[in-house]
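# Coordinate analysis (summary)
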Amino acid sequence: DGMLLLQSPGFSVAWHSGQPRLTGQIVIEAQDLATRISTLRPLGSYRVEITAQAEGDEARLALTTLNGGLLLQGNGQWVGGRLRFRGDARAAPGNETALANLLSIIGRRDGTRSVLTFG
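I will try to describe carefully the structure that is included in this document.

What counts and how
- Residues numbered from 1 in each chain as written.
- Predicted model: local features only at pLDDT ≥ 70, side-chain atom pairs only at ≥ 80, totals over all residues.
- Heavy atoms only, no water.
- Helix = DSSP H or I, 4+ residues; strand = E, 2+ residues; numbered from the N terminus.
- Contact = heavy atoms within 4.5 Å.
- 1 Å grid on protein atoms, 1.4 Å probe; cavity = no way out; pocket = protein on both sides within 12 Å on 5 of 7 lines; lining within 4 Å.
- Points joined across faces, edges and corners; volume = space filled by probe spheres on them.
- Nonpolar A, V, L, I, M, F, W, Y, C, P; charged D, E, K, R; others polar.

### A word on unusual backbone geometry
With omega at -10°, the peptide bond leading from Arg41 into Pro42 counts as cis. Positive phi, close to 55°, is recorded for Asp32, a residue that is not glycine. Turning to its location among the elements, Asp32 is positioned in strand β3 (residues 19-33).

### Quick word on the environment of Asn67
Checked against the element boundaries, Asn67 lands in strand β5 (residues 58-68). Residues Asn67 and Tyr46, spaced 21 residues apart in sequence, show a C-alpha to C-alpha distance of 7.2 Å. Setting aside anything within four residues of it in sequence, one finds Asn67 in contact with Gly44 and Ser45.

### Some details on empty space enclosed by the protein
Counted under the stated rule, the structure contains one cavity of 30 Å³ or more. The space that makes up the largest cavity amounts to roughly 40 Å³. Pro20, Leu22, Asp57, Glu58, Trp78, Gly80 and Gly81 are the residues that line the largest cavity. Counted by class, the lining of the largest cavity contains three nonpolar, two polar and two charged residues.

Read these as spatial facts, not as claims about activity.
Here it is in structure tokens:
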């Protein structure tokens, strides 16, 4: 559950030789997200920013927490249609018990954090 806001100033996708070419920026805000997996409602609000250089096959991705009990952060790179991302998830102080199961599900546990990796 939650609300998604999308802004795409100057963002475009074109296909060249079977590969996507991204230009501009896209910002996605996920506000007041909730899931049945956790008793904490809402989990929080988050921002994903994707920024691509003009006519390039590479884009940068940044994930940040705007507010909430589940703290997410990370950075990634989209190269040649493949996403590589590394980040982590943590419980804000006081939310550790409510988020213990979710943190175990979404990533590899490393102490109090879950490591998030894709690609």
